[in-house]
Every structure is written in structure tokens, then in C-alpha cells.
Amino acid sequence: MKTLLIPIYTILLLNLLWHSCSEPTINKVSIQDQIKKEAVADHAGIASAHPAASLIGLEILEEGGNAVDAAIATQFALAVCYPVAGNIGGGGFMVLRNADGTTDALDFREMAPGAAHKDMYLDPEGNVIKGLSTNGHLASGVPGTVSGMIEAFDKYSALKDWSKLLNPSIELARNGVELTIREAKALNRYKERFEKVNTRPSRFVKNSEWLPGEILKQPELAQVLEAIRDNGFDGFYKGWVADSIVAEMQRGGGIITHEDLSNYEAKWRKPLIGQYKGNTIISMPPPSSGGIALQQLLGSIEPYDIGNYGFHSKEAIHLMIEAERRVYADRATHLGDSDYYNVPLEGLITDEYNNDRMSTFDPQKASLSSDIEAGTPVPYESEETTHFSIVDEKGNAVSVTTTINTGYGSKVVVGGAGFFLNNEMDDFSAKPGVPNYFGLVGNEANKIQPGKRMLSSMTPTIVLNSDQELKIVVGTPGGSTIITSVFQTIVNILDFEMDATEATQACRFHHQWLPDATFYEPDCFSDDMIKSLSDMGHTLKSRAEVTGGSGLIGKIETIIKRADGKLEIAADRRADDTALGY
Ligand code: DON
């Protein structure tokens, strides 16, 4: 790739010049103090991955914006203060449930560029080239976030003031955002990877270590946000920002063109709506696998009295693992972008189908994934991510999961425009049966095709009680673990009767069919529990030992509307997530 030809010292020198005029400032009041894990509110609430973004969203709510207005402002704020996953260079999904009872789902998932093809990540021998779909310019799909926000604004904004939603983020980008401990560490950890793929200096790399409390200013990103504020779709997908993206692609061997950008289209989809023990589950249809898989998981365990088994009892864990094993086998075979592949959606979510899948469930013994294959549902007949949950004063609820895929996406910052591009192409199946970054396998349904959207696990979800009243708004990042984390949080609330904080902070586990192992968070299971599950035939692995990282699973943001009308808002303990309300 051309990037490799650029002498590294040129980039280092440019970075030195870039940063030499602004000495780091250390703020007296740490942003750490603004991180807040729970709130109880009378009117409205928000939980997002970063305190600055939650605050911007809250202010929009207080100023009369509805949940969609707050979501748009929060999305742009996260693009500034949470570059590891917040984005304008990626995509996502929004699930809405309005106070009048109507529901909607917005798909702003990235699309494969026009020049993408099925074998683009294979070498001449047909083997997957490691890293090509995750790092650098070829890893990016055409970004959908900006188009998505515009669609959401046009259809649902109460404020009807686009500038008002963008201005706080423009200010944040220009004046700078204080780094949390976690962010400073992450930027330091990724420095070499940034240097390896970037063709221009970026604000995210400097000579000395980033310190917590230091201010990260992003004037180029401020200009991009101004272009979006002043020119809407054309401000990003045409004009100088599009020119910068295409120039970046050409410098780094990527394939996104002007045509790809101007053809990008966010799509309104019919939300996937199902039932679980009298509650209504509203979630995302394809190109996410999340909604279907969540409904399959809930449908699979519904006949069992899991509430009485007890939270993290051997019986409950075993049942959930066995449901997860079967559902992820289906995901690998049957799910992909329904605009390109006939997903047997209705067939997969029927009770009969999931009961049949669970007919091989043995309450005493683990199945082997090698014995479990995808089922045969009734065929189709016509027909590092971040999440935020918001409820406004009128009771409108919005659940948004948005992503550039892994931490800092492709690591490529668009030269002169200062934002990271996604590495979402890795969510396609690069080769049948070969695991992607998250260890997920896929096949025909999720093969690469120009214009197609890569299969996602993102599961932004809203739950109504049996009176059709708002009950839960929930979602999380976490790649393949998203579905199981949302599943477990919903079961924690509905079956184990936990409040928002308990349900969110409870430890989690995950099984995805292949590899045939259950991964658990640190300190999640006692030695006795591990032994008794192993005796049943389960393979259990500490996620920390396998991944080498913290081993934590997901960053859930939960809002529960209580029977007394108050909102319980919980932000995950696992990172800087912040819950606010009024
Ligand atoms: O859409 C998906 O399923 C993935 N690109 C999500 C990635 C993710 O959650 C990374 N965050 N931890």
C-alpha cells in the first residue's frame, strides 16, 4: 500500500509541528467527576458512553427537544468526545417508540463500496489476508451516520433547528474535550497503529504521552461539522469533505469513490416486534442480526420458568448458553442484508421453530456445537460501537447503537477532515466459515457485494409492558456479544426483577456457537459454579484470559420506566458511561 512508502519520520516531524503550538492544558476539575452511573428522573433521561455527550443530550431535552433531537445531538457529540467509537465515519441503527404508540427503525449502516467484491480480502491462494478488512483504507464501508441523522431529523425533530443540534459539538471540537483516564490510555495504546495506516498527521497522535485531563482539540472536525450544519447531506457526501475522503482513499489504496458517497442512503425499516411473556420487544431487523437473534433467544427460553431458577443459577446459565449456541448457528447461515439475501425472518422467530430448535436441549448436559447446525426455518416468501438510550418528557423513547466497528475503526483519519473511518467491511463474511474479528462465521447470506450492508449484531431495543406502556430502553456495544448482553439484561429485568442499575452492572457471559465455549467476565462465576457447569459438559473460559484485555463484556445503557412513572437510568460501570436525567 502507498502508505508504507511514506517515510515514518515525515509523519513524526509533521506531528511535532502540528502540536508544538498548543501545550497541553490540565483542567482542574476532572472530567472523571462528571461520570455518573445512575439517575432517577421525573421527566426525561439519557445514558451514553461519555459524560460530555450525555450532558449535551440532556440540555437538548431540557430545551424542549424530543428524544430524536437529543439522539442527533448526542450522536454528533460522541463523534467529538468519544472518537474510539462515536462517529461520523461509521454507521448504526435507531429504534424508536413514540409516545403515541407508533414505532420506527432507521438503518444508517455502512454500505460496501461499488468496487467491493466477494473475494477482496483473499490472497491468490484464496486465503483471507489478515488485517486487510480491519485496518487501513480497504476496511471501510461507505459511512451512513450523517445521512441517518438527517433522515431522523426530517421525520421526527420537534425543535426543527438543525444548527442547534450541531452547535454544541462544533464548540466541543473547536474548544477541545478533556480526556478521561480511559481515553488517554487508549490513545497512547493505539499510537503505533495510527501511525502505521495514516497518510497525514492527525490530532490523535503526538510525541509525548496523552495525559488524563489533557484537552484534545479537533478544529478540522469542527469544520466538517459546520459543513454538515450548513449544507446537510451535501456538506458531507459532496463538496470538500467528500473530496477529502476520496483523496484519503486514493493516498491509502482504498476504494470509496465520490459516487459511493453521493449514492449513500439511510433507510427506514419496519421494526421487528415480538412478544416475551406478555411484554412487547421492539428491535432492529436486518441488516442487523440483533433483533431476530434476540427474539429467538427470548422465544427459546420462554417455556422455561427461568425467573424461579434464580439469577446465575446453574440451571439458568445452562439454559441461556444452550439457547445462545443454537441461535448463533442460525445467524451464521441465515442472516445477511435482506435487500440482497432472502432472510427467512418470519420462519426464524416463530415459537414453533424455536421450540423445535430447543427440542434437543438436555437440562442436565451441554450440547456440542459440532452437533448443532443451523435449522431449517420456513423459507422466505417475498417479503469499539457505542449505544445510547433516551426517553423524553413526553415519553418518546429512542435506542441508538452506532459504530465504526473496532476501536477507532480502520484507524484511518481522513486527512484534513480529522475523523476516523470505520472498518465495518470486516462484518461481512470474507470467506465462508472463516471467523471475522469477533470470531463470527458466515456464508452466502453475508458475502460481500457492491452496495450491500454487512450483517450487524447491534441490538438497540425497546420493551413495552403488557399494557403497551414503555418499560425498557436498552442496548450496548460489544460485537458478537451485543445480542447476548441485551438478552441477559432484559431477562435480568423481566425474570429476575432487577432494577436498572442491578441489571446493567450484573456480570455477563457469552456463547456464540463457534468457538464452542462460554466466555465469562472476571469474577462472574464461583469456582464451584465453573466446576458444576464443566461437569455438565460446558467449556468455560475467562474472557480476560482469552482476549488478554479486561475481559469485560459490553457497555449497557438502560432506562426503565417504573410503575410510579419515574425513570431509572443506568450507565454501565465498565467504562466512562454516564446517566443523567431531570
Ligand atoms: O455491527 C456490528 O455488529 C459490529 N460492527 C459492532 C462492533 C462493536 O460492537 C465493537 N464494540 N465493542
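Attention in this report is confined to the structure presented alongside it. (Residues numbered from 1 in each chain as written. Predicted model: local features only at pLDDT ≥ 70, side-chain atom pairs only at ≥ 80, totals over all residues. Heavy atoms only, no water.)

## Description of helix H4 (residues 145-156)
Taking 1.5 Å per residue as the helical rise, H4 with its 12 residues ought to reach 16 Å, and the 16 Å between its terminal C-alpha atoms agrees with that figure. Burial analysis of H4 places 9 of its 12 residues in the buried class, the great majority of the element. Listed as buried for H4 are Thr145, Val146, Ser147, Gly148, Met149, Ile150, Ala152, Phe153 and Tyr156. (Helix = DSSP H or I, 4+ residues; strand = E, 2+ residues; numbered from the N terminus. Expected span 1.5 Å × (residues − 1). Buried < 20%, exposed > 50% of the residue type's maximum accessible area, 1.4 Å probe, protein only.)

## What about the pairing of strand E12 (residues 461-464)?
Residues Thr461 and Val463 of E12 are buried on one face, and the alternating residues Ile462 and Leu464, pointing to the opposite face, are buried as well. In the sheet, strand E9 (residues 279-283) pairs with E12 via 3 bridges, with the strands oriented antiparallel. Its bridge partner lying in E12, Ile282 is registered against Ile462. Bridge count for E12 against strand E13 (residues 470-475) is 4 bridges, and the pairing is antiparallel. In the strand pairing of E13, Leu464 is matched with Leu470. (Pairing = 2+ DSSP bridges.)

## Focus: the state of the cysteines
Tallied over the full model, the rule gives 1 disulfide. Across the disulfide, Cys507 is cross-linked to Cys524 (sulfur-sulfur distance 2.0 Å). The chirality of the disulfide connecting Cys507 with Cys524 is right-handed, given an S-S dihedral of about 75°. One end of the pair, Cys507, is in the loop between helix H16 (500-505) and strand E14 (509-510); the other, Cys524, is in the loop between strand E15 (518-520) and helix H17 (527-535), and 17 residues separate them in sequence. In terms of burial, Cys507 and Cys524 fall into one category: buried. (Disulfide = S-S within 2.5 Å.)

## Considerations on the packing of aromatic side chains
In total, this model carries 18 aromatic pairs according to the counting rule given. Judged by centre distance (5.6 Å) and plane angle (70°), the rings of Tyr156 and Trp268 are edge-to-face. Of the two residues, Tyr156 sits in helix H4 while Trp268 sits in strand E7 (residues 267-269), which places them 112 residues apart along the sequence. On the basis of relative accessibility, which here comes to 19%, the residue Tyr156 falls in the buried class. (Phe/Tyr/Trp six-rings, centres within 6.5 Å; stacked < 30°, edge-to-face > 60°.)

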